[in-house]
Amino acid sequence: MRLLRWVGLLAGLMLWQGLCSAGIVGSAMLASPAQVCAGLWELAVRGMPPEFLLHKHVLHSLLLVGTGFLGALFTGVPLGLLLGGSRSARAVLEPVFEFFRPVPPLAWIPLSVLWLGIGFKSAVFIIFLGAFFPILVNTCSGVRNVSAGCIGVAEVLGASRRDIWLKVLLPASLPSILAGVRISMGIAWMTLVAAEFTGVQQGYGLGYMIMTARDLQRLDMIMAGMAVIGLIGLAIEHCLGRIARYLLRWR
Amino acid sequence: MPTDLTLEHLCKSYPQTTGGLFPVLEDVCLHVEKGAFVTVLGGNGYGKSTLLRIISGMEQPTQGRILLNGQAVRQRLGRVGLVSQEVDLLPWRTTLDNVAFGLELRGMPQAKREHLASAYLRAFGLEKFSACYPRELSGGMRQKVAIARTLVTAPDIILMDEPFSALDYQTRTSLQCFLLQLWAKLRETIVFVTHDVEEAVFLSDYIVLLSPIPAHVVEIIPVPLARPRVRSAAATAALCRQVLEKYGSSSCVDNDEMRRAL
Ligand SMILES: Nc1ncnc2c1ncn2[C@@H]1O[C@H](COP(=O)(O)OP(=O)(O)OP(=O)(O)O)[C@@H](O)[C@H]1O
Ligand SMILES: [Mg+2]
């Protein structure tokens, strides 16, 4: 089975290379795998724009996504707990959130540039918006679905309100929270490129790198940039999956 | 410390979705002495779980009082142990941590509470499973863990809501014996709810027979059998038959009524 997973990937690569080498798809439309690899190498050692090396782009993007995501995590979970646990909080806040939730994060770009200016803050804000709602909604529904039995046990044993929150509601809704976290991380990473299109002063970021490559019509570098984004996304998802499996080993 | 329990004119009614009140308990009075093992016998929907939830302090009665050692206590949560009808171990905690949960809530230091919880697990024959999660335990084992979790906090009174009704015959009878052994050692006051006449006769000092809803105490039947009891003894069987007659007559729909209804 493990082997089979590679077969498809390899076949795809070969087909891709074949199409390009045979000239079926023009080089102005698609760079071949070999060209993409060369582009990747050039990005890593020479940089795009020159002197702006790949690993710095990666680090910068990770910083953006990390900041936006952590912001969403540290506001979304407490707010979700509050929303799930308190009926009056839900009555007040739910309509507000339900109103903003369907607005795509990218639609916020003009406002966020107006408020926060072009650059890091604005990009973080857009990523934050994309990541916030899945965490909020999942945490809230997780808390609401905690069985009355679990809460009753703690009550009968004399638990305080605080203990019920920390030792029952939070751990019981962890599966749901983690599901939200994984969705959020995916969205945050996807929002990244668009967020970086809002302009990055320092000249770093994978999205910025791809846009620069586009201006120079370096198709190989554009595609290499896309591949890097895909691979990093995959790696993050893998790590989160590992963490979730460890935290939910009781299931 | 064993405590005696008095229920004074307990009434409970629930608001109905259709409006109005649905009376579940009506004037339940009962006195249970220190260290007694009492069973409450009643069929499905007689309000047995409701009664225990009220005694435990999870719900308040609509009317009436609950006295512990002669004193009305409104805040009973944390003083009365409840083993509920559905097994409700916290699935993210290991067996040991589930048993130690009540101690943890009381702020006992980790080393001490784990020591105490381990001692109980050993007594319950569960020490091998102390690092397992609830999903890895059988139903009977889970029930034992739930009982250990209640006992380890040394509550004033132990309430048990049909703790064995979901178990097979073998497991049920062996857990009954186990419970009696524990009780003989600890001498705690136990109020044990069941719908099983045999179980009631085998376990308790006396049986409190409930009426159908709205429930009140129909009769208190003493069980004058010497302990340790033998299930197959003639006296046990005779008493079972006697209780069953009273229990049956309170729960059967009248024959004529049935004929008219169908
Ligand atoms: N929270 C509630 N709200 C409304 N009605 C309730 C509530 N809890 C119990 N009841 C009603 O009270 C009655 C008694 O329920 P209870 O669960 O106490 O019965 P029981 O004797 O424990 O039954 P069983 O043997 O099936 O466990 C039922 O008719 C039920 O519909
Ligand atoms: Mg019940």
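Predicted model, so just to flag it, every value in this text is computed and none were measured.

Reading the values: rules and limits
Residues numbered from 1 in each chain as written. Chains lettered and ligands numbered in written order. Predicted model: local features only at pLDDT ≥ 70, side-chain atom pairs only at ≥ 80, totals over all residues. Heavy atoms only, no water. Donors = N, O, S within 2.8 Å, 3.2 Å for Na, K, Ca; no water. Helix = DSSP H or I, 4+ residues; strand = E, 2+ residues; numbered from the N terminus. Phe/Tyr/Trp six-rings, centres within 6.5 Å; stacked < 30°, edge-to-face > 60°. Buried < 20%, exposed > 50% of the residue type's maximum accessible area, 1.4 Å probe, protein only. Lys NZ or Arg CZ within 6 Å of the ring centre and 35° of its normal. Pairing = 2+ DSSP bridges. Axes fitted to C-alpha atoms, helices over the stretch in contact; angles between N-to-C directions. Near = heavy atom within 4 Å. Polar contact = N/O pair within 3.5 Å; in protein donor to acceptor, adjacent residues only side chain to side chain. Areas by Shrake-Rupley, 256 points an atom, 1.4 Å probe, with all protein chains shown as cover. Nonpolar A, V, L, I, M, F, W, Y, C, P; charged D, E, K, R; others polar. Patch = residues over 30% accessible without salt bridge, like charges linked within 9 Å, V, L, I, M, F, W, Y side chains within 5 Å. Salt bridge = Lys/Arg side-chain N within 4 Å of Asp/Glu carboxyl O. Contact = heavy atoms within 4.5 Å. Buried area = accessible area lost by both parts, 1.4 Å probe. Domains from an automatic or database assignment.

Colleague: Explain the coordination of the magnesium ion (ligand 2) here, please?
Modeller: Under perfect tetrahedral coordination by four donors, a metal shows angles of 109.5 degrees; under perfect octahedral coordination by six donors, it shows angles of 90 or 180 degrees. Listed as protein donors to the magnesium ion (ligand 2) are Ser49(B) (OG) and Gln85(B) (OE1); their distances from the metal cover 1.9 to 2.3 Å. With Ser49(B) in helix α1 (residues 48-56) and Gln85(B) in the loop between β6 (80-83) and α2 (95-99), the pair connects residues that are 36 residues apart, well separated along the chain.

Colleague: What am I meant to see in the packing of aromatic side chains here?
Modeller: Geometry of an aromatic ring pair is reported as the spacing of the ring centres plus the angle between the planes. Under the counting rule described, the total for this entry stands at 15 aromatic pairs over all chains. With a centroid separation of 6.0 Å and an interplanar angle of 70°, the aromatic rings of Trp250(A) and Trp92(B) are classed as edge-to-face. With Trp250(A) in the segment after α10 (219-247) and Trp92(B) in the loop between β6 and α2, the pair connects residues from two separate chains. Pair check on accessibility: Trp250(A) and Trp92(B) agree, each one buried. By the ring-pair criterion, three or more aromatic residues cluster together here, those being Phe99(A), Phe100(A), Trp108(A), Trp115(A) and Phe125(A). Geometry around Trp183(B) places Arg187(B) over its ring, the cationic atom sitting 4.4 Å from the centre. Above the ring of Phe202(B), the side-chain terminus of Arg231(B) is found at 3.8 Å from the ring centroid.

Colleague: Sorry, what's going on with the sheet that holds strand β3 (residues 37-41) of chain B here?
Modeller: What holds strands together in a sheet is hydrogen bonding between their backbones, with the strands either parallel or antiparallel. All names here are of chain B. Here we have six strands laid out as an open sheet, ordered β6-β7-β8-β3-β9-β10, and mixed in their pairing. One side of each edge strand has no neighbouring strand; the edge strands of this open sheet are β6 and β10 (217-222). Neighbour to neighbour, the strand axes of the sheet diverge by 20° on average, direction disregarded. Summarising the sheet, β3 and strand β8 (residues 189-194) pair through five bridges and their orientation is parallel. Paired with Val 38 across the two strands is Val 191, which belongs to β8.

Colleague: Any chance you could explain the site of ligand 1 here in plain terms?
Modeller: All names here are of chain B. In the vicinity of ligand 1 there are 15 residues, among which Gly 45, Lys 48, Ser 49, Thr 50 and Gln 85 approach most closely. In this structure, Gly 47 approaches ligand 1 through a main-chain N or O atom, which is 3.0 Å from an oxygen atom. The separation between an oxygen atom of ligand 1 and a polar side-chain atom of Gln 85 is 2.8 Å. When ligand 1 sits alone it has 640 Å² of accessible area, and the protein chains cover 65% of it. Listed by contribution, the elements that provide at least two residues to the shell around ligand 1 are β2 (21-32) and α1. Broken down by element, the residue count for the shell around ligand 1 peaks at four residues, all from α1. By residue class, the composition of the shell around ligand 1 is five nonpolar, seven polar and three charged.

Colleague: What should I look at first to understand a nonpolar patch on the surface in this one?
Modeller: Residues and elements named next belong to chain A. Taken together, the side chains of Val 96, Phe 99, Phe 100 and Val 103 present a nonpolar region at the surface, about 340 Å² in accessible area. Note on placement: Val 96 falls in helix α4 (residues 87-100). Exposure remark for Val 96: the relative accessible area of 40% places this residue in the partly exposed category.

Colleague: In this structure, what is going on with the interface of chain B and chain A? I would like to understand it.
Modeller: How big an interface is tends to be stated in terms of accessible area lost as the parts join. Tallying the contact residues gives 21 residues for chain B and 18 residues for chain A. Summing the contributions of chain B and of chain A, the shared interface buries around 1,700 Å²; its carbon and sulfur component is 69%. Interface area lost by chain B to chain A is led by Trp92(B), Leu105(B) and Arg135(B), which between them contribute 36%. At the boundary of chain B and chain A, one finds one salt bridge. Residues Glu104(B) and Lys167(A) are paired through a salt bridge, measuring 3.2 Å at the closest nitrogen-oxygen approach. Applying the counting rule to chain B against chain A returns seven residue pairs in polar contact (both at pLDDT 80 or more). When residues of the side of chain B that touches chain A are traced back to their parent elements, those giving at least two are β6 and α3 (101-105) of chain B. Residue contributions to the side of chain B that touches chain A peak at four residues, all from α3(B). Split into classes, the residues belonging to the side of chain B that touches chain A amount to 10 nonpolar, five polar and six charged.

Colleague: Would you mind showing me how to read helix α7 (residues 148-156) of chain A here?
Modeller: For an α-helix, 3.6 residues make a turn, and residues three or four places apart therefore share a direction. The set of residues buried in α7(A) consists of Cys150(A), Gly152(A), Val153(A), Ala154(A) and Val156(A). Summarising the contacts, the buried residues of α7(A) are in contact with α8 (161-197) of chain A together with α1, β6, α3 and α5 (139-151) of chain B.

Colleague: Where do I start with the domain arrangement of chain B in this structure?
Modeller: Residues and elements named next belong to chain B. Taken as a whole, chain B is organised into domain 1 (1-79 + 157-221) and domain 2 (88-154). On a C-alpha basis, the centres of domain 1 and domain 2 stand 24 Å from each other. Contacts between the two partners involve 12 residues from domain 1, matched on the other side by 11 residues from domain 2. Summed over both partners, the interface of domain 1 with domain 2 comes to about 920 Å²; 78% of that surface belongs to carbon and sulfur atoms. Run the count over domain 1 and domain 2 and you get zero salt bridges. Applying the counting rule to domain 1 against domain 2 returns two residue pairs in polar contact (both at pLDDT 80 or more). Put simply, the parts of the chain that give the side of domain 1 that touches domain 2 at least two residues each are β7 (157-161) and α6 (169-186). Here the side of domain 1 that touches domain 2 gets five residues from one element, more than from any other, and that element is α6.

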